[in-house]
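Per-entry structural report
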Amino acid sequence: HFYGSFQLQKSSGAHDESALEQDVIVHPKDVVFENAELQEILYILSLNYDVNIVCSSEEQKNVRLHFRYNPSEDVNLVVERLNMFDKINVSITKK
């Protein structure tokens, strides 16, 4: 189970007054990880996207990161962004 903490923050963006009167307005929230272990980040991502996201090595699991993602983003883009970190290699596997 996930025992770490993470902070939810609203996306910053300008709001048009007329848009607020529409029936459906979607403003997804970003999930912000502050100095979180990679294994905690992957656990939350796996829950959000209903997939397994795994590290290529055990050593990577304890690496601490500052990472922000939007739950409405495509999982492949989120994984691609994680893999931009130095010495991080994660991939999606079937559940």
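Residue numbers restart at each chain and count upward from 1, following the sequence in its written direction. pLDDT decides what is reported in this predicted model: residues at 70 or higher carry local features, side-chain atom pairs at 80 or more are listed and counted, and totals for whole chains, interfaces and linings draw on all residues regardless. Hydrogens and waters are ignored; side-chain quantities use all the structure's heavy atoms.

Each helix corresponds to a stretch of at least 4 residues labelled H or I by DSSP, and each strand to a stretch of at least 2 residues labelled E; elements are numbered beginning at the N terminus. Summing up its helical and strand segments, the protein has two helices and five strands in all. Each helix and strand of the protein, ordered N terminal to C terminal, gives the series β-β-α-β-β-α-β. The contact criterion used is simple: two residues touch if any of their non-hydrogen atoms lie within 4.5 Å. Sequence-distant contacts in the protein: of pairs separated by 6 or more residues, those separated by 24 or more amount to 63%. For the area figures, the Shrake-Rupley method with a 1.4 Å probe applies, and any residue is considered shielded solely by the protein chains shown. About 6700 Å² of surface is accessible on the protein, with carbon and sulfur atoms providing 49% of the total.

By definition here, a salt bridge exists when the distance from a side-chain nitrogen of Lys or Arg to a carboxyl oxygen of Asp or Glu is within 4 Å. Throughout the structure, instances matching the rule amount to four salt bridges. One salt bridge in this structure joins aspartate 30 and arginine 68, with 3.4 Å as the shortest N-O distance. Within this pair, whereas aspartate 30 is found in strand β2 (residues 29–37), its partner arginine 68 is found in strand β4 (residues 64–69), the two being separated by 38 residues in sequence. Using a 1.4 Å probe on the protein chains alone, a residue whose accessible area is under 20% of its type maximum counts as buried, one over 50% counts as exposed, and one in between counts as partly exposed. On the basis of relative accessibility, which here comes to 12%, the residue aspartate 30 falls in the buried class. The partner of glutamate 37 in a salt bridge is arginine 64, and the shortest N-O contact between them spans 3.7 Å. Of the two residues, glutamate 37 sits in strand β2 while arginine 64 sits in strand β4, which places them 27 residues apart along the sequence.

With that settled, the discussion passes to the packing of aromatic side chains. A pair of Phe, Tyr and Trp rings is counted when the ring centres sit within 6.5 Å of each other, with Trp represented by its six-membered ring. The angle between the planes then sorts it: under 30 degrees is stacked, over 60 is edge-to-face, the rest tilted. According to the stated counting rule, one finds three aromatic pairs in the structure shown. Measuring from ring centre to ring centre gives 6.3 Å for phenylalanine 33 and tyrosine 69, while their planes differ by 10°; the resulting arrangement is stacked. Here phenylalanine 33, found in strand β2, pairs with tyrosine 69, found in strand β4; they are 36 residues apart in sequence, far enough to count as distant. Each member of the pair, phenylalanine 33 as well as tyrosine 69, carries the same accessibility label: buried. Taking 6.2 Å as the distance between ring centres and 45° as the angle between the ring planes, the aromatic pair formed by tyrosine 49 and tyrosine 69 counts as tilted. Linking tyrosine 49 in helix α1 (residues 38–49) with tyrosine 69 in strand β4, this pair joins segments that are 20 residues apart in sequence. A residue is classified by how much of its surface remains accessible, and tyrosine 69, at 3% relative accessible area, is buried. Every member of this aromatic cluster is reached through a ring pair, and the members are Phe33, Tyr49 and Tyr69.

In this section: the nonpolar core. Think of a nonpolar core as a cluster: buried Ala, Val, Leu, Ile, Met, Phe, Trp, Tyr and Cys residues, connected wherever their side-chain atoms sit within 4.5 Å. Counting 21 residues, the largest nonpolar core has Leu45, Tyr69 and Val90 as its most contacted members. Elements with a contribution of two residues or more to this core: β2, α1, β3 (52–55), β4 and α2 (75–82). Considering each element in turn, this core owes the most residues, six residues, to α1.

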